[in-house]
Amino acid sequence: MTKSIIKFIFHICLVLITNIMIIDYISAQDIRDEDNKKMPGDTIKEEEEEQTLYLKSAYFTLNNFLDTLAFADTLLKPNFPYFDPVDSCSVPMISTGNIGSATIPITGSENSPGFDPGIHIYDIYKFKPEDFKWQIAKYPFTQLYASPSSTYEDFTVAAKFFRNFQDLNFGIDYSRINNSGDYNNQDTKHTALNLGIWKGNMNSKFNTFINFLVNVHEENQNGGISDLEDLYYAGYPERVSLTTKISDALIRTDNYDFYINEFYKLSDTTSIVGYTPYIKAKIGLNKGFFKFYDNSVTSDSSYYKTLFVDSKGLRNYFEYNSIYSSLGVYGTSHSNNNISIDFNFRHINYNIETLEEEHVNLVELHFKSRNNIKNTIENNLETSLFWGNTGFQYYLNEKLNFKNKFFELTGGIETKSTNPSLLENTLVISQNLIYQNDFKNTQRQSIFAQLSIPKLGSSFEGKIQNIKNLIYFDSTLYPSQFNDNIQLLEGLYKQDLKLFFVHFDNSLYFYKSSSNVIPVPNYILKSKLYFNAVLFEKKLDMNIGFEYNYWDKYYNYGFNPIIANFYIQDQQQLENYQRLDFFIDSKISNFLFYIRFNNVLFPIDDTVYFQAIDYPKYDLFFRFGVKWTLLN
């Protein structure tokens, strides 16, 4: 613990030196600006940028209170023509084949500082409290989305609604995924709801934010296809009749949050070193549980391996409840240099039910600041310290961004020390204690950089991680800890080309890991070739084209639902994964429409592709969707 504190203090010192250099730059920049002021009669030529806002609205999140962003939809969203959330993620994701199924980032999951239950396989579908967008609009704002399929069981719907009543704002954000899949016992259902009430406005002395959040995910588990040779003899309609490894298993996770945030402005005239100060308070309640059960396991002992402890049925269940409260200060400056700070103290108490009741007490000290210098240089710092009966943890992220009209450059460091998750430490199946571990904290240090040149359509991203004491699940389904250091290299090169109305967008991801406990392909290629046209007096914006995905072969992850985690294996190397899709998406005013055919090569090449062992991805798949935004 002493070494961890010393390392963290060392990183803090580096960050403070960086910030001192930035403050010196701010002072010098202000002096130069004063010397270069225009005299009366001078003319200033500004570049005009045409931007059509079809919705006169703005929003903010509680991560940056009072820092509003304009809501604009001038072009088709890059992720709009996707019906599978996995395809719209900013990093490549592995899934078990069905829409709404279990997922993992290509480089594996990471624990969060504090208390972590260890269930991350459905994170991409969840609503998170800090992501809720509080709308500022003169008129009611409604957004509807629907994506049906060929059967009534398969659909995705979403809706957003916001309404202002003088100094009272009411908002609803809702999402529902329902998908039956191609194989036995593969159904997925996900429901997410976020209700928000905001009492106050930007000029109020008191601003109160109330949120009630629900995330419910349910997935039937089939363990994958038992005989993969059957895939090549069964036609598409017969896929549902193929034998799977298990037949009566289910995962369900529920999470409920209720919290109140209060911002109290001390005075309209009060200023502390140029900041308008706020007192910030928060209280919240959280309740969640994870449940896996299989009621017909007599013939499935080989699938569960050493975790087969009860022939009458297997059950992994735990629930947790927490109450958290925080008190801090928040300050913002709207001078030429936009600066904000956020400092708070938070206490969390978790009550965990497994074999017996367990309490986790945590105290968090959190600080965040943002300095924006004339929209040219931006410095972001965020750090948290955690103390409790689980030990000491920390998180620090320092990011510096510089941009001008030619390029944008971002660089920074991140370091964190995190406790093992609940599932990594303890597993109880059918009231039998399977393992009780005493792992060390996992430590990660990262250096990252990004260079973007918009006029060339190019961007480069790189990240180097050093990971110590990584915890992972192996093919025995037990967690292990890798005590040596692991170096992980991640890179991304993007190149967008355009010739008249033809676009060719490419993303090349490349990876290198020093250990097979983080299995990664050497590269992943994602290319889009499409035709863009603006028709009917610029009222119709349309994209028509193809998208190609190609993954280099490697030792893919396996998945076992009883541990709710993917595990590494070195017995089977899957072939290259590839997929060609055809799509049409269009925008008419505030109405968006798409159709998409996934895996259009399947009628020609009936190769079945996998991202996880024994879990085939879908074959030829058709889906359409619409999104409609209303302001009335």
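Residues numbered from 1 in each chain as written. Predicted model: local features only at pLDDT ≥ 70, side-chain atom pairs only at ≥ 80, totals over all residues. Heavy atoms only, no water.

Draft legend 1. Molecular detail of the pattern of salt bridges. Across all of its chains, the model carries 14 salt bridges by this definition. Note that Glu-364 is salt-bridged to Arg-346, the shortest N-O span being 2.6 Å. Here Glu-364 is found in strand β15 (residues 357-373), whereas its partner Arg-346 is found in strand β14 (residues 337-353), with 18 residues between them in sequence. For Glu-364, a relative accessible area of 6% corresponds to the buried category. (Salt bridge = Lys/Arg side-chain N within 4 Å of Asp/Glu carboxyl O. Helix = DSSP H or I, 4+ residues; strand = E, 2+ residues; numbered from the N terminus. Buried < 20%, exposed > 50% of the residue type's maximum accessible area, 1.4 Å probe, protein only.)

Draft legend 2. Representation of the pairing of strand β10 (residues 206-221) within the structure. With respect to burial, β10 is a largely interior element, 12 of its 16 residues being buried. Pairing between strand β9 (residues 188-199) and β10: 12 bridges, direction antiparallel. If you follow Thr-191 over to β10, its bridge partner there is Val-216. Linking β9 to β10, which pair antiparallel, is a turn of 6 residues; within it Gly-200 sits at a positive phi near 130°. (Pairing = 2+ DSSP bridges.)

Draft legend 3. Quick look at the nonpolar core. Among the nonpolar cores identified, the biggest contains 73 residues, and Ile-94, Ile-121, Tyr-304 and Phe-566 are the most heavily contacted of them. In contact with Tyr-304, other than residues within four places in its own chain, are Ile-246, Ala-249, Phe-292, Asp-294, Val-297, Leu-314, Leu-477, Asn-560 and Ile-562. Membership of the second largest hydrophobic core comes to 13 residues, among which are Leu-62, Leu-66, Phe-132 and Phe-162. (Core = buried A, V, L, I, M, F, W, Y, C linked by side-chain atoms within 4.5 Å. Contact = heavy atoms within 4.5 Å.)

Draft legend 4. Local environment of the confidence of the model for the protein. A residue-level look at the protein finds 87% of positions with pLDDT of 70 or above and a mean pLDDT of 84. The weakest mean pLDDT in the protein belongs to helix α1 (residues 2-35) at 46; the strongest belongs to strand β22 (residues 458-473) at 97. (pLDDT = per-residue confidence, 0-100.)

Draft legend 5. Inspection of the packing of aromatic side chains at higher detail. Under the counting rule described, the total for this entry stands at 40 aromatic pairs. Arranged with centres 5.5 Å apart and planes meeting at 20°, the rings of Trp-198 and Phe-209 form a pair that is stacked. Placement of the pair is Trp-198 in strand β9 and Phe-209 in strand β10, with a sequence separation of 11 residues. Geometrically, the ring pair formed by Phe-597 and Phe-622 is tilted, given 4.8 Å between the ring centres and 40° between the ring planes. With Phe-597 in strand β30 (residues 591-598) and Phe-622 in strand β33 (residues 621-631), this pair connects stretches of sequence that are 25 residues apart. (Phe/Tyr/Trp six-rings, centres within 6.5 Å; stacked < 30°, edge-to-face > 60°.)

Draft legend 6. Up close: unusual backbone geometry. Look at Asn-185: it is not a glycine, yet its phi comes out positive at around 55°. Structurally, Asn-185 is set in the loop between β8 (168-179) and β9. Take Asn-185: its relative accessible area is 23%, and that puts it in the partly exposed class. Backbone geometry at Phe-500 places phi at a positive 60°, although glycine is not the residue there. As for its placement among the helices and strands, Phe-500 is situated in the loop between β23 (479-499) and β24 (502-513). For Phe-500, a relative accessible area of 67% corresponds to the exposed category.

Draft legend 7. Just the environment of Phe-162, in detail. Examined against the element boundaries, Phe-162 turns out to sit in strand β7 (residues 155-165). For the pair Phe-162 and Trp-134, spaced 28 residues apart in sequence, the C-alpha separation works out to 8.3 Å.

Draft legend 8. Broad picture of the environment of Tyr-278. Relative to the helices and strands, Tyr-278 is located in strand β12 (residues 276-294). Judged by relative accessible area, Tyr-278 falls into the buried class, the value being 3%. Taking the C-alpha atoms as reference points, Tyr-278 and Lys-205, 73 residues apart in sequence, are found 9.0 Å from one another. Dropping the residues within four chain positions of it, Tyr-278 is found in contact with Phe-65, Leu-66, Met-202, Phe-263, Tyr-264, Lys-265, Gly-328, Val-329, Tyr-330 and Thr-332.

Draft legend 9. Focus on the side chain of Asp-116. Within the secondary structure, Asp-116 is located in the loop between β4 (103-105) and β5 (134-137). Buried and without a salt bridge, Asp-116 has Lys-416 as its closest oppositely charged side chain, separated by 8.2 Å. Of note is the side chain of Asp-116, whose polar atom sits 3.0 Å from the side chain of His-120. Asp-116 has contacts with Glu-110, Asn-111, Ser-421 and Leu-422, leaving out every residue within four places of it along the chain. (Lys, Arg positive; Asp, Glu negative; His and termini not counted. Polar contact = N/O pair within 3.5 Å; in protein donor to acceptor, adjacent residues only side chain to side chain.)

Draft legend 10. Structural context of a nonpolar patch on the surface. Together, Leu-497, Leu-499, Phe-500, Phe-501, Val-502, Phe-504, Leu-529, Phe-531 and Ile-544 give the surface a local cluster of nonpolar side chains, amounting to about 880 Å² of exposed area. Sorting the residues of the nonpolar patch by element identifies β23, β24 and β25 (523-535) as the ones contributing at least two each. Relative to the assigned elements, Phe-504 resides in strand β24. (Patch = residues over 30% accessible without salt bridge, like charges linked within 9 Å, V, L, I, M, F, W, Y side chains within 5 Å. Areas by Shrake-Rupley, 256 points an atom, 1.4 Å probe, with all protein chains shown as cover.)

Draft legend 11. Focus on the pairing of β30. As paired strands, strand β29 (residues 577-588) and β30 are joined by 7 bridges and run antiparallel to one another. In the sheet register, Ser-586 faces β30, and the bridge partner there is Phe-593. The antiparallel hairpin formed by β29 and β30 contains 2 residues in its connecting segment, where Ser-589 sits at a positive phi of about 55°.

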